[in-house]
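# Structural characterization, general
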Amino acid sequence: MAEDTRSDGPEGTPEQTQAPAPPPAEPTAQPAPKPLAPGFLARAAGGGALMGLANLVPGISGGTMLVAAGVYTPFIDAIGDLSRLRFSRPAILLLAVVVGAAVVAIGAGASIVSVGLAEFRWGMYSLFIGLTLGGAPLMASMVRPFGAGAVAGLILGVAAMVGLVFIQTTGVAGAGGEPGVVMLAVGGIAGASAMILPGVSGGYLLLLLGLYETIIEAIKSAVTALKDADAGALIDTMRVVIPVGIGVVVGVAVVGNILKLLLHRLEKPTLGFLLGLLLAAPAGLWPFRAGVEPEPGMILASGDLVTAENVEELREKPGKWDEAFFEPGPVQIAGSAGLIALGFGLTYGLGRLGAGRKR
């Protein structure tokens, strides 16, 4: 009979005795956030810069630029976390990079975009079409495989964008008049919401509400007052800036949290909806249009009556000019195609930064 080598005493070998079971580990609330890769931060900076430039132009969505750069979902997650006081270094760093790049782009590009839209509108719109569509391949890769929910979301997104474009192109805009505090706060909520919702232009929503010129002029005046150290002029702009700023904070926090919830609980339908908005966004960007210089007696789509007294002032604000479509020539068609391709390549290349890493 084989010898029994088992030991009942404490002197057994490690192989012969069983170690006591370790105590159960304390549950952790959440894993520590991973640090952001350099390639991802580069895409975030590029997307933030494009978002800043897009927000200068009614008709272009800042959120679309973040989708194109491939940083949209982490950006929404970061907004949701910080708005609920869940601070983490990656979330703070991501928001700082995106917002900082947007602010720099707005400051550096405001005059360039303004002049470009006044003097080279068809070319600028062609470039914007390319920049917008360049994010479609990346967005489609996030949606795949296309199930029933994703397809339904895509169709709904296209329909929503086409409906918005229809409203925009019918000339429905707020009339003149001095907006109140509540209306300015509503404008801030609308602008902020559209800024982070791909396919929807905050500038256009402000035009529809009749607030675009008021808010833009207040921002310009505030910047000028800061440069000139004019405290009185700066205080005067606060009657517009403060209500709008409160609305922006509320809009970003509320819409950001709603989108975060949808992206995590209904991911595929939500991504499909965002892809639909993205694909249909260029519908309102037909490039072959030109601004019509105001003449006394004209009533602009914004509701302004052009008079001999204000005609020179309005001529210095091409953003308020009416637009008219024109028939392009062969050179303009070729140039538009080239600029669309350039914009597509820029955004697509931005989205490919760090593509080898798991998104």
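Below is a short write-up of the structure. Along each chain, the written sequence defines residue order, and numbers are assigned to residues from 1. Totals for whole chains, interfaces and linings use all residues, but because this is a predicted model, local features are given only for residues with pLDDT of at least 70 and pairs of side-chain atoms are given and counted only at 80 or more. Values shown for side chains rest on all heavy atoms present in the structure; no hydrogens or waters enter the calculation.

## A few points about the overall build of the protein chain
Only DSSP runs of H or I reaching four residues or more are called helices, and only runs of E reaching two or more are called strands; each is numbered from the N terminus. Across its full length, the protein chain holds 14 helices and 2 strands. Relative to its 359 residues, the protein chain shows a buried fraction of 40%. Residue contacts follow a heavy-atom distance rule, with two residues in contact if any of their heavy atoms lie within 4.5 Å. Within the protein chain, counting contacts between residues at least 6 apart in sequence, those at least 24 apart form 77% of the total. As presented, the protein chain carries roughly 19300 Å² of accessible surface, and 67% of it is formed by carbon and sulfur atoms. Relative accessibility thresholds used throughout: buried, under 20% of the residue-type maximum; exposed, over 50%; partly exposed, between the two (1.4 Å probe, protein chains only). Residue exposure ignores everything except the shown protein chains as possible cover, and the areas themselves are Shrake-Rupley values with a 1.4 Å probe.

## Side note on the environment of Gly 63
You can see Gly 63 is positioned in helix α2 (residues 62-69). With a relative accessible area of 0%, Gly 63 lands in the buried category. Sequence-wise, Gly 63 and Gly 52 are 11 residues apart; in three dimensions their C-alpha atoms are separated by 10.0 Å.

## Comments concerning the pattern of salt bridges
Just to be clear on terms, a salt bridge is a Lys or Arg side-chain nitrogen sitting within 4 Å of an Asp or Glu carboxyl oxygen. This model, assessed by the stated rule, comprises 1 salt bridge. For Asp 81, the salt bridge identified is with Lys 260, shortest N-O distance 2.4 Å. Here the residue Asp 81 occupies a position in helix α3 (residues 72-83), and Lys 260 occupies one in helix α11 (residues 231-265), the gap between them amounting to 179 residues. One exposure class covers both Asp 81 and Lys 260, and it is buried.

## A look at α11
Between the first and last C-alpha of α11 there are 48 Å, a value that for 35 residues agrees with the 51 Å anticipated at 1.5 Å per step. The largest bend along α11 measures about 45° and falls at Met 238. Among the residues making up α11, those that are buried are Thr 237, Val 240, Pro 243, Val 244, Gly 247, Gly 251, Val 252, Val 255, Gly 256, Leu 259, Lys 260 and Leu 263. Polar contact is defined as a pair of N or O atoms within 3.5 Å, subject to the rule that within protein one atom must be able to donate a hydrogen and the other to accept it, and that residues adjacent in sequence are counted only when both atoms are side-chain atoms. With a side-chain oxygen lying 3.3 Å from the backbone nitrogen of Gly 232, the N-terminal cap of α11 falls on Asp 230. Here the expected length of a helix is defined as 1.5 Å per residue gap, with one fewer gap than residues. Two axes enter the definition of the bend at a residue: one is fitted to the seven residues ending there, the other to the seven starting there, and the bend is the angle between them.

## Quick word on the nonpolar core
Burial of nonpolar side chains together is a common tendency in soluble globular proteins. Here, the term nonpolar core denotes a set of buried Ala, Val, Leu, Ile, Met, Phe, Trp, Tyr and Cys residues that are joined through side-chain atoms within 4.5 Å. In this structure, Tyr 72 and Phe 75 are the most contacted members of the largest nonpolar core, which totals 53 residues. Per element, the largest residue contribution to this core is 8 residues, and it comes from helix α4 (residues 89-119). Excluding its chain neighbours within four sequence positions, the residues that come into contact with Phe 75 are Leu 66, Leu 94, Leu 95, Val 98 and Ile 196. Grouped together as the second largest cluster of nonpolar side chains are 7 residues, Leu 206, Ala 218, Val 240 and Val 244 included.

## Some details on unusual backbone geometry
Backbone torsion omega between Arg 144 and Pro 145 reads 0°, so that peptide bond is classified as cis. Examined against the element boundaries, Pro 145 turns out to sit in the loop between α6 (136-143) and α7 (148-169). A positive phi angle, near 60°, is found at Leu 85, a position not held by glycine. Here Ala 229, not a glycine, exhibits a phi torsion of approximately 55°, which is positive. Here Ala 229 is to be found in the loop between α10 (212-228) and α11. Looking at Ala 229, the relative accessible area reads 69%, which means it is exposed.

## Digging into the packing of helix α1 (residues 38-54) against α2
Helix-helix packing is characterised by the crossing angle of the two axes and by the distance between the axes. Axis definition: a line fitted to C-alpha atoms, over the contacting stretch in the case of helices. Angles run 0 to 180 degrees between N-to-C directions. Look at α1 against α2: their axes get within 8 Å of each other, and the N-to-C directions meet at 160°. With respect to their mutual orientation, α1 and α2 come out roughly antiparallel. Where α1 crosses over α2, the handedness of that crossing is right-handed. Residues Arg 43, Gly 47, Gly 48, Leu 50, Met 51 and Ala 54 of α1 form the contact with α2, whose own contacting residues are Gly 62, Met 65, Leu 66 and Ala 69. Each residue gets one of three labels, nonpolar for Ala, Val, Leu, Ile, Met, Phe, Trp, Tyr, Cys and Pro, charged for Asp, Glu, Lys and Arg, and polar for the others, Gly among them. When the residues that make up the contact of α1 with α2 are grouped by side-chain class, the tally is 6 nonpolar, 3 polar and 1 charged. For classification, angles of less than 35 degrees are called roughly parallel, those exceeding 145 degrees roughly antiparallel, those between 65 and 115 degrees roughly perpendicular, and all remaining angles oblique. A clockwise turn of the near helix away from the far one marks a right-handed crossing, whereas an anticlockwise turn of less than a right angle marks a left-handed crossing.

## Points about the environment of Leu 342
Mapped onto the secondary structure, Leu 342 falls in helix α14 (residues 330-352). Taking C-alpha positions, Leu 342 is 8.0 Å from Leu 131, a pair spaced 211 residues apart along the chain.

## What about the packing of aromatic side chains?
What counts as a ring pair is set by centres within 6.5 Å for rings of Phe, Tyr and Trp (its six-membered ring), and what kind of pair is set by the plane angle: stacked under 30 degrees, edge-to-face over 60, tilted for all other angles. In this structure the tally under the stated criterion is 6 aromatic pairs. Aromatic side chains Phe 120 and Trp 122 sit 5.0 Å apart centroid to centroid with 70° between the ring planes, which places their arrangement in the edge-to-face category. Ring geometry for Phe 344 and Tyr 348: centres 6.1 Å apart, planes at 15°, overall stacked. Here Phe 344 pairs with Tyr 348, and both are found in helix α14, just 4 residues apart, close to one helical turn. Residue class for Phe 344 comes out partly exposed when judged on its relative accessible area of 32%. The structure contains a cluster of three or more aromatic residues connected by ring pairs, namely Phe 120, Trp 122, Trp 286, Phe 288 and Phe 326.

## A word on a nonpolar patch on the surface
Together, Ile 189, Ile 242, Ile 246, Val 250, Val 254, Ile 258, Leu 262 and Leu 266 make up a nonpolar patch on the protein surface, roughly 650 Å² of accessible area in all. Mapping Ile 258 onto the fold places it in helix α11. Each patch is built from salt-bridge-free residues with over 30% relative accessible area, joining like charges within 9 Å and nonpolar side chains (Val, Leu, Ile, Met, Phe, Trp, Tyr) within 5 Å.

## Description of the side chain of Ser 126
Summarising the element assignment, Ser 126 is placed in helix α5 (residues 121-133). Leaving out residues up to four positions away in the same chain, Ser 126 has contacts with Pro 287, Ser 336, Leu 339 and Ile 340.

## Examining the packing of α6 against helix α12 (residues 267-280)
Between α6 and α12, whose axes approach to 9 Å, the crossing angle comes to 160°. One way to sum up the angle between α6 and α12 is to call them roughly antiparallel. In the packing of α6 onto α12, the handedness of the crossing is left-handed. Counting all contacts with α6, which are made through Ala 136, Met 139, Ala 140, Met 142 and Val 143, the residues of α12 involved are Lys 268, Leu 271, Gly 272, Leu 274, Leu 275, Leu 278 and Leu 279. In the contact of α6 with α12, the residues fall into 10 nonpolar, 1 polar and 1 charged.

So far we have only geometry, and geometry alone does not tell us how the molecule works.
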